[in-house]
Amino acid sequence: ASPFLAAAMAASHGLRVLVVDDCLVHRKSLPRMIKKASKNVSDVDTASSGEQAIEMAAKRRKSGTGYDLVFMDQDMDNTFETDKKEARQLQGDATVSILRDLEFNFPVIMRTSSCEHEMLTVYENAGYNESCSTAVLFLSILDET
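Undergrad: Is there a simple way to explain the overall build of the chain in this structure?
TA: On a plain count of helices and strands, the chain comes out with six helices and seven strands. What you see in the chain, going N to C, is helices and strands ordered as α-β-α-β-α-β-β-β-α-β-α-β-α. Of all intrachain contacts in the chain linking residues separated by at least 6 positions in sequence, the fraction that spans at least 24 positions is 66%. Carbon together with sulfur atoms contributes 50% to the accessible area of the chain, which is approximately 7800 Å² in total.

See the structure below:
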């Protein structure tokens, strides 16, 4: 298993996972797949945006039950209007960068369709631990635990 996953699995509690994705279908299906892939998962929460993920991580940390692992969608392009001006959600790399600035050290697996070398460098600079291009890939990572 990956060293960061091995460290997370050493916890005395079940793995607490956060799935961050702007797509409702993914927020419903990925938690089920994650729970089926590993008997060591106790909780899977979902966030629909980077902003919500940051709030949820802060709330969990304050309660003393922080996340052990985060699956982050890179391409969160869901846009919305606020006060007649368009606003965009934080992308995955920006969210990870903010989480790292706030001293959240949980492993982050970036889920993305863009695995070119230059983008992997962007993700690495943001503070992710691994990246994958499909649900099958990250389920195989969990299966190693």
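Structure's up, so let's keep going.
Undergrad: Is there a simple way to think about the nonpolar core in this case?
TA: Generally speaking, soluble globular proteins have nonpolar side chains that are buried together. In terms of nonpolar packing, the biggest core is built from 18 residues, with Leu18, Val20, Tyr67, Val70, Met72, Leu99 and Phe106 touching the most fellow members. Of all the elements in the fold, those that place two or more residues in this core are strand S1 (15-20), helix H3 (50-63), strand S3 (69-73), helix H4 (92-101) and strand S6 (108-111). Counting residues per element, this core draws most heavily on H3, which supplies four residues. In this structure, Leu15, Val17, Val41 and Ile109 belong to the second largest nonpolar core, which totals ten residues.

Undergrad: When you look at the packing of H3 against H4 in this model, what are you seeing that I'm missing?
TA: Relative placement of two packed helices is described by the angle separating their axes and the distance separating the axes. With their axes 9 Å apart at the nearest point, H3 and H4 run at an angle of 25 degrees to one another. Overall, the two elements H3 and H4 adopt an arrangement that is roughly parallel. Here H3 runs over H4; the crossing is right-handed. The residues of H4 that touch H3, namely those facing Gly50, Ala53, Ile54 and Ala57, are Thr95, Ile98 and Leu99. Residue composition of the contact of H3 with H4, grouped by class: five nonpolar, two polar and no charged.

Undergrad: Teacher, can you tell me more about the pairing of S1 here?
TA: With six of six residues buried, S1 lies mostly within the body of the structure. A two-sided burial pattern is seen for S1, the buried positions comprising Leu15, Val17 and Val19 on one face and Arg16, Leu18 and Val20 on the other. In this sheet, strand S2 (residues 41-47) lies alongside S1 in parallel orientation, the contact comprising six bridges. In the strand pairing of S2, Arg16 is matched with Asp43. For the handedness criterion, the β-α-β arrangement of S1, helix H2 (residues 24-37) and S2 is classed as right-handed. Here four bridges tie S1 to S3, and the two strands are oriented parallel to one another. Among the inter-strand pairings, Val20 is bridged to a residue of S3, identified as Met72.

Undergrad: Just checking my understanding: could you explain H2 for this structure?
TA: Residues that lie three or four places apart on an α-helix share one face, since the helix turns once every 3.6 residues. Given a rise of 1.5 Å per residue, 14 residues ought to cover 20 Å, and the 20 Å separating the end C-alpha atoms of H2 matches this to within 8%. Here H2 has its buried residues at Arg27, Ser29, Leu30, Pro31 and Ile34.

Undergrad: I'm lost on the pattern of salt bridges in this one. Help?
TA: Any two side chains of opposite charge can pair if their charged atoms end up close together. Inspection of the entire model under this criterion finds three salt bridges. For the salt bridge of Arg60 with Asp43, the shortest nitrogen-to-oxygen distance reads 3.7 Å. Here Asp43 lies in strand S2 and Arg60 lies in helix H3, a separation of 17 residues in the sequence. Between Asp45 and Arg60 there is a salt bridge, with its nearest N and O atoms 3.0 Å apart. With Asp45 in strand S2 and Arg60 in helix H3, this residue pair connects regions lying 15 residues apart in the sequence. Judged by relative accessible area, which is 22%, Asp45 ranks as partly exposed. The network of salt bridges with common partners includes Asp43, Asp45 and Arg60.

Criteria and thresholds
- Residues numbered from 1 in each chain as written.
- Predicted model: local features only at pLDDT ≥ 70, side-chain atom pairs only at ≥ 80, totals over all residues.
- Heavy atoms only, no water.
- Helix = DSSP H or I, 4+ residues; strand = E, 2+ residues; numbered from the N terminus.
- Contact = heavy atoms within 4.5 Å.
- Areas by Shrake-Rupley, 256 points an atom, 1.4 Å probe, with all protein chains shown as cover.
- Core = buried A, V, L, I, M, F, W, Y, C linked by side-chain atoms within 4.5 Å.
- Buried < 20%, exposed > 50% of the residue type's maximum accessible area, 1.4 Å probe, protein only.
- Axes fitted to C-alpha atoms, helices over the stretch in contact; angles between N-to-C directions.
- Parallel < 35°, antiparallel > 145°, perpendicular 65-115°, else oblique.
- Left-handed = near helix turned anticlockwise from the far one by under 90°.
- Nonpolar A, V, L, I, M, F, W, Y, C, P; charged D, E, K, R; others polar.
- Pairing = 2+ DSSP bridges.
- Right-handed = clockwise from strand over helix to strand, strands pointing away.
- Expected span 1.5 Å × (residues − 1).
- Salt bridge = Lys/Arg side-chain N within 4 Å of Asp/Glu carboxyl O.

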